[in-house]
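Fold and geometry: a report
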Amino acid sequence: MKGDYQDLVDEISALLGAPATLENRDFRLIAFGAHDSDDDLAMDPVRTRSILTRQSTAAVRSWFEGFGIARATGPVRIPAAPDAGVFRGRICLPVRYRGIVQGYVWLLDQEPGKPGPEPAALDAAMEVAQRIGVLLAEEAKAGADLSREFLAVLTAARGWQQDMAVAALRVALGPGGDGLHAAVCVAPWPGEAPASVPGAAAVCVVPRRGGGEPGGGAGPGAAAGAGAEPSGEPALAVLLRLRSTDALAPALAAVARLLPRAAESTGPGGKGGGTGGGSGATSTAAATAHRVTAGVGDPVRGLADLPAAWEQAVAAARAAAAQPRFGPVAQWSGIGPYRLLATLAADPVDDPAARTLLTPANRELARTAEVFLDCAGQAGRAAAALGIHRQTLYYRLARVEQLTGLDLDEGEDRLLLHMALKTSRLA
């Protein structure tokens with residue numbers, strides 16, 4: 001499908017004698033034509049960021065939409081605006097299907113005083129844009145058609161029900177069902193599933209059920225029917241196609257592009273995506289600020305292991321929310337002990353030994369104990385990490401032992417406390 005879009009964009013570029021770019025209706029880049037001009041104004045900040053980051057800011061999107069492109073049925077000319085980072089004017093060709101806008105083709109307009117494209121050329125380009133609209137609509141429909149089957153796999157009870165759901169999804173995907181895939185969880189996810197996600201075979205929104213797990217009961221992969229009624233916020237599930245097991249970069253890039261949208265929608269005063277801008281750092285900061293995280297499971301071939309891959313994705317997303325060091329997008333293979341802890345802990349920790357230590361009044365003592373255990377019980381390292389004197393560390397650890405009744409010289413007591421402290425982050 002990607003090649004089809006690129007061919008059509010190149011066709012428009014040839015018709016109008018200018019490099020074209022194609023974005024979907026959420027202003028996310030799909031394809032762009034070759035650019036071999038020496039004109040520095042041709043690659044203005046908006047166009048450069050659109051190509052490099054493959055997405056846009058809400059401000060840029062709002063600025064372009066102010067020219068009525070979402071309602072237009074024909075080419076729209078947009079003048080240059082250096083203050084907005086648009087050094088050259090644009091020609092926007094709305095991509096529609098049955099009256100519904102599916103995306104936009106963008107071209108650089110000629111400089112003032114120079115003749116632009118002939119009306120006949122623009123008409124021919126609009127015909128190509130209509131063909132693009134058909135493809136975008138079919139792709140969105142295909143993903144939407146599979147949402148029910150995909151959701152059934154993720155929420156079915158283990159056993160024959162899950163086996164039947166996997167078989168139904170395999171039939172719906174056709175030959176592509178035997179390929180390589182990665183399961184992705186983005187949480188929390190506001191509203192409906194996006195119309196399209198690049199590289200996705202299926203997309204759906206999974207209700208968040210009892211225990212804080214998307215689609216599960218007491219933990220990742222628990223039967224949906226056994227869980228409580230949906231509570232909290234839902235998660236977005238994405239089934240991404242992969243070319244090889246060591247080529248996760250496209251999957252991670254696709255996931256990263258989803259985070260700003262979720263963060264803007266869940267955050268205060270948030271707005272939707274935008275054309276041509278938005279730095280990756282800003283997107284990451286927004287996602288982190290609003291605690292929108294994503295998890296990516298290990299690649300799987302075929303669909304038999306998809307439920308397990310979804311459990312991994314959910315666990316990785318939870319780990320990313322618990323530990324900022326994992327970043328807003330965490331891979332199952334990189335979350336260390338949280339691979340086990342996220343599977344075990346769906347409810348708040350209530351171990352008698354750690355109950356008092358985990359109260360707000362003892363937050364500093366809990367942090368001290370966690371850092372000490374993270375440092376493998378090495379007092380010097382722990383004191384340096386905490387920025388305190390070693391004697392202060394010993395005093396705090398003695399208080400921890402008094403509150404918990406545990407002996408931090410005993411390996412099993414250390415293990416119990418370490419697990420309780422780490423698990424509490426996931427609750």
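Only a predicted model underlies this, so the values are computations on that prediction, with no experimental measurement involved.

Across its full length, the chain holds 15 helices and 11 strands. Burial statistics for the chain: of 427 residues in total, 48% are counted as buried. Intrachain contacts of the chain at a sequence separation of at least 6 include 67% that bridge at least 24 residues. With an accessible surface of roughly 19600 Å², the chain has 54% of that area assigned to carbon and sulfur atoms.

So, on to the packing of aromatic side chains. Within this structure, the stated rule accounts for 7 aromatic pairs. Arranged with centres 5.3 Å apart and planes meeting at 55 degrees, the rings of F27 and Y104 form a pair that is tilted. On the criterion of sequence distance, the pair formed by F27 in the loop between β1 (20–24) and β2 (29–32) and Y104 in strand β5 (residues 100–108) is long-range, its members being 77 residues apart. Under the relative-accessibility criterion, F27 is labelled buried at 0%. The exposure class assigned to Y104 is buried, which follows from its relative accessible area of 1%.

Structurally, the position occupied by T343 is in helix α10 (residues 338–344). Between the C-alpha atoms of T343 and Q312, which are 31 residues apart in sequence, the distance is 8.6 Å.

We now examine unusual backbone geometry. Leaving glycine aside, a negative phi is the common case for residues, and trans is the common case for peptide bonds. A cis amide bond, omega -5 degrees, links A187 with the succeeding residue P188. Mapped onto the elements, P188 comes out in the loop between β6 (180–187) and β7 (200–206). Backbone geometry places A376, a non-glycine residue, at a positive phi of 60 degrees. For A376, a relative accessible area of 53% corresponds to the exposed category.

Here we take up the nonpolar core. F150, L169, C185, L239, L306 and W310 are the most contacted members of the largest nonpolar core, which has 27 residues in total. For this core, the elements supplying multiple residues, two or more each, are α5 (147–155), α6 (160–173), β6, β7, β8 (235–242) and α9 (306–322). Once residues lying within four places of it in the same chain are set aside, the contact partners of F150 are L169, A202, V203, C204, A237, V238, L239 and L306. In terms of nonpolar packing, the next biggest core, distinct from the first, is built from 24 residues, V9, L16, A18 and I132 among them.

Per-residue pLDDT for the chain has a mean of 78; in total, 76% of the residues score no lower than 70. In this model residues 217–231 is a low-confidence stretch, pLDDT under 50, and it forms 35 contacts with partners more than four residues away in sequence or in other chains. Contacts for the low-pLDDT stretch residues 268–289, under 50 throughout, to residues beyond four places or in other chains number 55 contacts.

Let's shift gears to the pairing of β2. Across 3 bridges, the pairing between β1 and β2 is antiparallel. Across the sheet, residue L22 finds its bridge partner in β2, namely A31.

Bringing the pattern of salt bridges into the picture now. Oppositely charged side chains may form a pair once their charged atoms are brought near each other. Tallied over the full model, the rule gives 8 salt bridges. Among the ionic pairs, E364 bridges to R396, the shortest N-O distance being 3.4 Å. Linking E364 in helix α12 (residues 363–374) with R396 in helix α14 (residues 390–404), this pair joins segments that are 32 residues apart in sequence. Owing to a relative accessible area of 40%, E364 belongs among the partly exposed residues under this scheme. The salt bridge partner of E370 is K422, with a shortest N-O separation of 2.9 Å. Here the residue E370 occupies a position in helix α12, and K422 occupies one in helix α15 (residues 411–426), the gap between them amounting to 52 residues. Of the two residues, E370 and K422, both sit in the buried class.

Further remarks concern α5. Looking at α5, one finds that the buried residues are F150, V153, L154 and T155. On the buried face of α5, the contacting elements are α6, β7, β8 and α9.

Okay, the side chain of N362 next. Tracing the chain through its elements places N362 in the loop between α11 (352–355) and α12. Taking relative accessible area as the criterion, N362 reaches 12% and is therefore assigned buried. Side-chain polar atoms of N362 contact the backbone oxygen of T356, separated by 3.0 Å. Sequence-distant contacts of N362, that is, excluding residues within four places in its chain, are made with T356, L357 and L403.

Scoring rules and cut-offs
- Numbering of residues starts from 1 in every chain and runs along the sequence as written.
- In keeping with the predicted nature of the model, local features appear solely for residues at pLDDT of at least 70, side-chain atom pairs appear and are counted solely at 80 or more, and the whole-chain, interface and lining totals rest on all residues.
- Hydrogen atoms and water are omitted, and side-chain values are computed over all heavy atoms in the structure.
- A run of H or I in DSSP counts as a helix once it spans at least four residues, and a run of E counts as a strand once it spans at least two, with each numbered from the N terminus.
- When a residue's accessible area, from a 1.4 Å probe over protein chains only, is under 20% of the maximum for its type it is buried; when over 50% it is exposed; and in between it is partly exposed.
- We call two residues in contact whenever any of their non-hydrogen atoms come within 4.5 Å of each other.
- Every accessible area reported is derived by Shrake-Rupley at a probe size of 1.4 Å, with residue values counting cover from the shown protein chains alone.
- Two aromatic rings, drawn from Phe, Tyr or Trp (for Trp, its six-membered ring), form a pair once their centres lie within 6.5 Å of each other, and the interplanar angle then sorts them: stacked below 30 degrees, edge-to-face above 60, tilted otherwise.
- Here the nonpolar core consists of buried residues drawn from Ala, Val, Leu, Ile, Met, Phe, Trp, Tyr and Cys, with membership extended through side-chain atoms lying within 4.5 Å.
- The score called pLDDT rates the predictor's confidence residue by residue, from a low of 0 to a high of 100.
- A strand pair is defined by DSSP finding two or more bridges across the two strands.
- We count a salt bridge whenever a side-chain nitrogen from Lys or Arg sits within 4 Å of a carboxyl oxygen from Asp or Glu.
- Counted as a polar contact is a pair of N or O atoms within 3.5 Å, where, for protein atoms, one must be capable of donating a hydrogen and the other of accepting one, and residues adjacent in sequence contribute only when both atoms are in side chains.

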